[in-house]
Amino acid sequence: MTARALGRCHGMTKTQRILAAIALAGAAAGLAAPASSAAPISPLTLPDLPAPQGMPEGASPSSVQEIGGQVSGGLNQLNQLMELPNHLAPVIAPVQPIADLAGGLE
């Protein structure tokens, strides 16, 4: 049998004991607080961005919402560009055999 130091919990480090005590205290506090005392959750609001010095009005976005709107508009344009081959297929289909023959002659 090996000798162990007095006052130490067997198999737990000091950090583990501290974390266990914090978890126990948090659980006790959570059980003690009545559910009706919880404050309602307020909606998240984003701050306005600071305006850069020397820039003309409207040259840079002034809020996070404005940046989101510009990104959304850019994504819509990118989506339309990705759909372009589908829209051009009816125009290209009649001349596709000729284009294939011309490619084969090279």
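**Digging into the overall build of the protein**
Counting its secondary structure elements, the protein contains 4 helices and 0 strands. Reading the helices (α) and strands (β) of the protein from amino to carboxyl end gives α-α-α-α. The buried share among the 106 residues of the protein stands at 1%. Entry remark: accessible area of the protein is about 9600 Å², with carbon and sulfur atoms responsible for 66%.

**Here's the deal with the confidence of the model for the protein**
Averaged over every residue, the pLDDT of the protein is 74; residues scoring 70 or more account for 62%. Within the protein, no element has a lower average pLDDT than helix 4 (residues 96-104), which sits at 75, and none a higher one than helix 2 (residues 64-82), at 85.

Cut-offs used in this document
- Residues numbered from 1 in each chain as written.
- Predicted model: local features only at pLDDT ≥ 70, side-chain atom pairs only at ≥ 80, totals over all residues.
- Heavy atoms only, no water.
- Helix = DSSP H or I, 4+ residues; strand = E, 2+ residues; numbered from the N terminus.
- Buried < 20%, exposed > 50% of the residue type's maximum accessible area, 1.4 Å probe, protein only.
- Areas by Shrake-Rupley, 256 points an atom, 1.4 Å probe, with all protein chains shown as cover.
- pLDDT = per-residue confidence, 0-100.

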